[in-house]
Amino acid sequence: MSNWRLAQAVSKLGQLGVVSGTAIDQVLVRRLADGDKGGYMRRGLDAFPFPDMAKRIWSEYFIPGGKPSGTPYPTTQMHQRRDSRSLIELLMVSNFVEVFLARQGHLNKVGVNFLEKVQLPHLASLYGAMLAGVGYVLMGAGIPLHIPGVIDNLAAGKPAEYRLAVAGAAPSRDTMMLFDPAEYAEGPLPVLERPQFLAIVSSNTLATTMLRRATGRVDGLVIESPTAGGHNAPPRGKLQLNEAGEPIYGERDKVNIAELRELGVPFWLAGGYGNADKVKEAVDSGAAGVQVGTAFAFSEESGMRTDLKRTLLAQATAGTGKVFTDPLASPTGFPFKVAQLAGSYSDEGVANARTRVCDLGYLREPYAIDEEKIGYRCSAEPVANYVAKGGKIEDTVGRKCLCNALMANIGHAQTRKDGSAEPPLVTIGDDLNTAAQFLTVERESYSAADVVKELLSKLLETAPQPELAVATA
């Protein structure tokens, strides 16, 4: 949902627009298969510094006029520890295009957001975004200790390495992923600036850990509460559920703002900060700004499907919108926010009717087959397949294919052999109903500019203007 259009709109307003880099290679493939409406992908490809690589991507995936309605999108191989050259090129180009387009028409910085849990595409994705001049890299859904060092090396034009987490692998086993920019350059390597790195964390302990143990400089922190959309950090201590089946967060999960100030780096607050009062509260507490997702997710520039926006905004206006913190939905094992929406994957009947399939595989878990081989499994794949790979059958209960669902959210649902389309699964923050504040009697939609204007409305003119990092997990 946090696509180049939204990031561009926010950065044009003097704030920090952030694109989502997760699965952006598949997004590029599907945009090209749909005929590249507006010619924006071609514009980004034409600007890519390695033109032969860009031409290969265009030739492989562009379908003039778009694929016939009701036919499936083309598929690519799923990522592995050692990807094929074609997949690495696709990662580089797709991240470049998204950041490049977000940077057009203004001189402000743009950021990119990745998930630590989605490790396999990290290296080539980061390099592609940096080729486009990304100003910030944000990463959460895990503890990204090694990313700052990766960024340092890539900025210097050096090879970068990243240790892949492999379940069941001996500590001494080599699970390193390697990326050397020189192997892909078509001529001298471009000179790159190092983007600032912001770690998305949920506690004072993790904030301190990032600053003390990261392999390179951590330029700031995004402190995300469990009310934020997307993946949430699990509650500290033993997992307990409320009557509705949601994780219970307690005192141990609250962040001490005074201790954050003492760390000496800028921090942004996230999760429930999508209104003017909360923005002022954050700035008054010493935060450099806030990260806002939900309010922007329903804006006109957001990549969310128009029909989904309209339905959920209608619920917000009526005050009936509901968000469920699902402890089981995500194959990562992290709690995941799910908007309750009839006809979507949140509907039990829709979920039960869907045939389990894993053909995108971003949330697959690498595991050790033996001392040499690595396999990949996802608890949302067909149950028999998962169990055959050594997975526990109980871990498959309630799991949902987020990869395909999130593609459906942005209008790129895969069509299956029986003609059915993958259902959406909208993730949004607990403050869903507050999105109604940006609507008026005359208007049934609102823009990113409307959001920024409202969020900054209670700050004194003499106060520093915060940066609003737009990121949806």
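One can find the structure itself at the top, above this paragraph.
As the structure is a computational prediction, the values presented were derived from the model and not from experiment.

About the thresholds
- Residues numbered from 1 in each chain as written.
- Predicted model: local features only at pLDDT ≥ 70, side-chain atom pairs only at ≥ 80, totals over all residues.
- Heavy atoms only, no water.
- Helix = DSSP H or I, 4+ residues; strand = E, 2+ residues; numbered from the N terminus.
- Rg over C-alpha atoms; globule rule 2.2 N^0.38 Å.
- Buried < 20%, exposed > 50% of the residue type's maximum accessible area, 1.4 Å probe, protein only.
- Contact = heavy atoms within 4.5 Å.
- Areas by Shrake-Rupley, 256 points an atom, 1.4 Å probe, with all protein chains shown as cover.
- Lys, Arg positive; Asp, Glu negative; His and termini not counted.
- Charge placed at Lys NZ, Arg CZ, Asp CG, Glu CD.
- Pairing = 2+ DSSP bridges.
- Core = buried A, V, L, I, M, F, W, Y, C linked by side-chain atoms within 4.5 Å.
- Phe/Tyr/Trp six-rings, centres within 6.5 Å; stacked < 30°, edge-to-face > 60°.
- Lys NZ or Arg CZ within 6 Å of the ring centre and 35° of its normal.

Caption draft 1: Just the overall build of the protein, in detail. Across its full length, the protein holds 16 helices and 14 strands. Taken over C-alpha atoms, the radius of gyration comes to 21 Å for the protein, in line with the 23 Å a tight globule of 473 residues would show. Counting all 473 residues of the protein, 56% fall into the buried class. Residue pairs in contact within the protein that sit at least 24 positions apart in sequence constitute 70% of those at least 6 positions apart. Counting only carbon and sulfur atoms, one obtains 50% of the accessible surface of the protein, whose full area is about 20,400 Å². Across the protein, the mean location of the 49 positive side-chain charges is 2 Å away from that of the 52 negative side-chain charges.

Caption draft 2: Seen up close, the pairing of strand β12 (residues 365–368). In the sheet, β12 pairs with strand β13 (residues 374–377) via 4 bridges, with the strands oriented antiparallel. Across the sheet, the residue bridging to Ala368 is Ile374, located in β13. Count of turn residues in the β12/β13 antiparallel hairpin: 5 residues.

Caption draft 3: Inspection of the nonpolar core at higher detail. Judged by nonpolar contacts, the single largest core of 105 residues is most densely connected at Phe48, Met92, Phe179, Phe197, Phe296 and Phe298. With 11 residues, helix α5 (residues 85–102) is the largest single contributor of residues to this core. Sequence-distant contacts of Met92, defined by excluding residues within four places in its chain, comprise Phe48, Phe50, Met53, Ala124, Tyr127, Gly128, Leu131, Phe179 and Tyr184. Counting 19 residues, the second-largest nonpolar core is a separate cluster that includes Ala23, Phe334, Tyr362 and Leu425.

Caption draft 4: Just the side chain of Ser447, in detail. Here Ser447 is to be found in the loop between α15 (402–409) and α16 (448–455). Ignoring anything within four residues of it in the chain, the contact list for Ser447 reads Ser299, Glu300 and Glu301.

Caption draft 5: Representation of the packing of aromatic side chains in the model. Summed over the entire model, instances satisfying the criterion amount to 8 aromatic pairs. Ring geometry for Trp4 versus Tyr40: centroids 5.0 Å apart, planes at 50°, classification tilted. With Trp4 in helix α1 (residues 4–12) and Tyr40 in helix α3 (residues 40–47), this pair connects stretches of sequence that are 36 residues apart. Tyr40 sits in the partly exposed class, given a relative accessible area of 23%. Each ring, one from Phe96 and one from Phe100, has its centre 5.7 Å from the other, and the planes form 15°; the classification is stacked. Here Phe100 and Phe96 lie together in helix α5, a separation of 4 residues that amounts to about one turn. Residues Phe96 and Phe100 agree in their burial class; the two are buried. Ring pairing ties together the aromatic residues Phe48, Phe50, Phe96 and Phe100, which thus form one cluster. Geometry around Tyr73 places Lys67 over its ring, the cationic atom sitting 4.4 Å from the centre.

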